[in-house]
Amino acid sequence: MSRSFLVFEKAQHELAIDTVHVLRILEDRPELSISLDPLFASSSLVSSHRHYYLLLANGSVLCIDEPKKIINADGADILRIPDTLQKIMYTKSISQVLCTSDSIIIILNPSIYLEEAI
Amino acid sequence: MIAEQKYELVVFSLESTFYAIESRFVTAIRAHIKITYVPGCPAFVLGVINLNGSIESVLDLKQLLTLNPSKVTQQQKILLISIGNLQTGFLIDTIEDIITIDQQTVKPPLTSLSETVKEFIDGSYVQDKRHIIILNMKKLHQHILESS
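Definitions and cut-offs
Residues numbered from 1 in each chain as written. Chains lettered and ligands numbered in written order. Predicted model: local features only at pLDDT ≥ 70, side-chain atom pairs only at ≥ 80, totals over all residues. Heavy atoms only, no water. Contact = heavy atoms within 4.5 Å. Buried area = accessible area lost by both parts, 1.4 Å probe. Salt bridge = Lys/Arg side-chain N within 4 Å of Asp/Glu carboxyl O. Polar contact = N/O pair within 3.5 Å; in protein donor to acceptor, adjacent residues only side chain to side chain. Helix = DSSP H or I, 4+ residues; strand = E, 2+ residues; numbered from the N terminus. Buried < 20%, exposed > 50% of the residue type's maximum accessible area, 1.4 Å probe, protein only. Arc of directions from axis to C-beta.

## Overview of the interface of chain B and chain A
With 25 residues of chain B in contact, the opposing surface of chain A contributes 23 residues. Carbon and sulfur atoms make up 71% of the area that chain B and chain A hide from each other, which totals about 2000 Å². Sorting the residues of chain B by area buried against chain A places Y37(B), P39(B) and I55(B) first, and these three jointly supply 31% of that buried surface. Our count for the contact surface shared by chain B and chain A stands at zero salt bridges. At the boundary of chain B with chain A, the tally comes to two residue pairs in polar contact (both at pLDDT 80 or more).

In structure tokens, the structure reads:
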């Protein structure tokens, strides 16, 4: 089954969100948005000066650095993160990756991330 | 300690220090592959790699041993290990040797090592004036699983 992902940049890393979760990309800062910074707590976080905001299907808004592209992927392009790694991760919102010909992009499940963030 | 009288070790270097792992835990050695950072992981997780369609984690052995973080370079290699249900890679500088040693020739860990590091070490072995730190993979495995 083919899925479509919005690839965006956060803290100089590329992440992907299934487009079924995304209603719109906003350029103006909304009243309330949720940061992805806690995911990068173990790295030296490099913040971007410019931010964009993803209006999600559940009404929440996620703050990102910059939207980059849309990638269509088959099921075979989506691989699971090893169970042993998932067990030691601080979040359940990352369990899959998107493999392209030259890179691995981490897939973020925004619903789980928002549940953890609230 | 390891039960067998003789055992085979894979010796590798990491920033001028020599370490060894029992060869039965080593599944492959790969040239440096681009490591993708995974958010939400402990600091000793450098990221993941794609190994022939399978995603594997890569760990920083130095941070696991509570030492300063390793410097990541393109010349490094990835030592893939398997123990219990854990398959992962350690970033290393070079593979130095594969040696078979007698258990009785293993000396206690160097006194200069910290107590934390000693916790994950079976002992040390001296070869050609090189001090080789023999890692206890079972204790490291346990430490990794308890690090969440």
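## With respect to the pattern of salt bridges
Residues and elements named next belong to chain A. If you walk through the whole model with that rule in mind, you get eight salt bridges over all chains. We note a salt bridge from R3 to D18, for which the minimum N-O separation is 2.8 Å. With a gap of 15 residues between them, R3 in strand β1 (residues 3–10) and D18 in strand β2 (residues 13–18) connect regions that are remote in the sequence. You can call D18 buried: its relative accessible area is 9%. A salt bridge links E27 to R50; the nearest nitrogen and oxygen atoms lie 3.2 Å apart. With E27 in the loop between β3 (22–26) and β4 (52–56) and R50 in the loop between β3 and β4, this pair connects stretches of sequence that are 23 residues apart.

## Describing helix α3 (residues 137–145) of chain B
Residue and element names in this part refer to chain B. The set of residues buried in α3 consists of M137, L140, H141 and I144. Taken around the axis of α3, the buried residues stretch over an arc of 105 degrees, which confines them to a single face. Capping the start of α3, N136 holds a side-chain oxygen 3.1 Å from the backbone nitrogen of K138, two or three residues further along.

Keep in mind that these numbers describe shape and distance, not what the molecule does.
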